[in-house]
Amino acid sequence: MAEQTAHFDMIIIGSGPAGFAAAIYGVRGGASTALFGGVAPGGQLLLTTEIENYPGFADPVVGADLMEGMLKQSVRLGATVFNTEIVAVNFTEHPFSLTAGDGRVYTAGSVIIATGARARWLGLPSERKYIGKGVSGCATCDGFFFRGREVCVIGGGDSAAEDALFLTKFASKVYLVHRRDKLRAAFRLQEKLRANTKIEIIYDHLPEEITGGARAAGLYIKNVRTGAVRRLETPGIFIAIGHAPATNIFAGKLDLDASGYIVTDDRLAASVPGVFAAGDVMDTRYKQAVVAAGAGCMAAMEALLYLEEAKK
Ligand code: NAP
């Protein structure tokens, strides 16, 4: 039988900028506040390198340092941070109950979901075979292993552009393979890509198959216009094709859109009163750390209002 351990006014699920901003505002608003951060708190910013668009830092800040600052700030103010995941939720009764990965059950007057979004994969069988054996979803984590080798990055957005630029620190050459004839990445990143002589952008191509032995040796890419197939001898293959929201445990419990994002109103309320969502888990448009932090603040302020109303 599950052990019930504690009640909090506000429970936040997720430990990116949205989650920590919500914790800071929750605890400063007088709510007993807990944040469940998963086994490695920090969210997607842990996968980035230097961030130069988060206001308040004159010089670029390392993602891990920014997140450590948010964690320490939340704890100093009095939030309780658990390094476990929430694996199940019950929103049908109030107070809500949430089951953690260690089997303990916590109850909450309000819940803020800030679980973010995870990296997407291409879906090729050969990709699955070589994940962790040359195929990676994290240039920051694995780029180091390809010192002096040729690598490729798949994707055309900000993540792919940032990964390609980062990988030039290690790799002898970086191919950026994009399925269209125009990048989606921000103009400034595109300028940096073009200025970097180690980077070759290959437009209009999609990966067909990754091949190798025990580890990936390279891949075949196909021109989507002509059908011509080209081989890249790149033992490092970095997939940067966007993200999917981490909402599995909320399916059937909250309204989700067709892509799985949590549907919220303009006050970040989800479809069950008392449950709010903030950050990449509901943001289909901006997906920026600073926007997520702002949304975390909004969700906490709305949750505080909800808790006040519930007392009356
Ligand atoms: P994204 O903007 O959704 O870009 C995904 C890219 O992958 C697109 O170029 C897309 O092609 C391509 N793609 C998608 N599915 C594919 C498939 N099956 N096969 C081949 N290519 C595929 O994702 P993101 O780059 O991860 O960025 C997500 C959000 O985070 C964005 O809002 C971005 O601005 C933000 N972000 C910001 C920063 C920063 O400001 N420093 C850094 C990273 C991310 P199409 O272009 O043809 O759709």
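For clarity, every value in this text was computed on a predicted model and none was experimentally measured.

### Comments concerning the packing of aromatic side chains
So, point 1. As enumerated under the stated definition, the model contains 12 aromatic pairs in all.
So, point 2. Pairing phenylalanine 144 with phenylalanine 145 gives two aromatic rings, centres 6.2 Å apart and planes at 75°, and the pair type is edge-to-face.
So, point 3. Ring centres of phenylalanine 166 and phenylalanine 170 lie 5.4 Å apart, and the angle between their planes is 70°; this geometry places the pair in the edge-to-face category. Of the two residues, phenylalanine 166 and phenylalanine 170, both sit in the buried class.
So, point 4. In this structure an aromatic cluster arises from ring pairing among Phe8, Phe36, Phe82 and Tyr106.

### Quick word on the pattern of salt bridges
So, point 1. Across all of its chains, the model carries 10 salt bridges by this definition.
So, point 2. Across the pair glutamate 52 and arginine 188 runs a salt bridge, and its minimum N-O distance is 2.8 Å. In this pair, glutamate 52 is assigned in the loop between strand 3 (50-51) and strand 4 (61-62) and arginine 188 in helix 6 (residues 187-195), connecting sequence segments 136 residues apart.
So, point 3. Residue classification places arginine 188 among the partly exposed residues on the basis of a relative accessible area of 48%.

### Quick notes on the domain arrangement of the chain
So, point 1. When its domains are assigned, the chain resolves into domain 1 (4-118 + 243-311) and domain 2 (121-239).
So, point 2. Each of domain 1 and domain 2 was reduced to a C-alpha centroid, and the two centroids are 32 Å apart.

### Overview of the sheet that holds strand 10 (residues 135-136)
The strands making up a sheet associate through hydrogen bonds between their backbones, and the pairing can be parallel or antiparallel.
So, point 1. Spatially, 10-17-11-12-13 is the arrangement adopted by the five strands of the open sheet, whose pairing is parallel. The strands lining the two open edges of the sheet, one partner per strand, are strand 10 and strand 13 (199-202).
So, point 2. For strand 10 and strand 17 (residues 236-239), the ladder comprises two bridges, and the chain directions are parallel. Note on strand 17: the bridge partner recorded for valine 135 is isoleucine 237.

### With respect to the sheet that holds strand 14 (residues 205-212)
So, point 1. Here we have three strands laid out as an open sheet, ordered 14-15-16, and antiparallel in their pairing. Where the open sheet ends on each side, the last strands, each with one partner, are strand 14 and strand 16 (229-232). Adjacent strand axes in the sheet meet at a mean angle of 25° when their direction is disregarded.
So, point 2. As paired elements, strand 15 (residues 216-223) and strand 16 share four bridges and run antiparallel to each other. Bridge pairing in strand 16 links isoleucine 221 to arginine 230.

### Some points on the packing of helix 1 (residues 17-28) against helix 7 (residues 289-311)
So, point 1. Relative orientation of the contacting elements helix 1 and helix 7 amounts to 35°, with a least axis distance of 7 Å. Pair helix 1 / helix 7 crosses with right-handed handedness. Counting all contacts with helix 1, which are made through Pro17, Ala18, Ala21, Ala22, Tyr25 and Gly26, the residues of helix 7 involved are Ala289, Ala292, Ala293, Gly296, Cys297, Ala300, Met301 and Leu304.
So, point 2. Along the lines of polarity and charge, the residues of the contact of helix 1 with helix 7 split into 12 nonpolar, two polar and no charged.

The rules behind each value
- Residues numbered from 1 in each chain as written.
- Predicted model: local features only at pLDDT ≥ 70, side-chain atom pairs only at ≥ 80, totals over all residues.
- Heavy atoms only, no water.
- Phe/Tyr/Trp six-rings, centres within 6.5 Å; stacked < 30°, edge-to-face > 60°.
- Buried < 20%, exposed > 50% of the residue type's maximum accessible area, 1.4 Å probe, protein only.
- Salt bridge = Lys/Arg side-chain N within 4 Å of Asp/Glu carboxyl O.
- Helix = DSSP H or I, 4+ residues; strand = E, 2+ residues; numbered from the N terminus.
- Domains from an automatic or database assignment.
- Pairing = 2+ DSSP bridges.
- Axes fitted to C-alpha atoms, helices over the stretch in contact; angles between N-to-C directions.
- Left-handed = near helix turned anticlockwise from the far one by under 90°.
- Contact = heavy atoms within 4.5 Å.
- Nonpolar A, V, L, I, M, F, W, Y, C, P; charged D, E, K, R; others polar.

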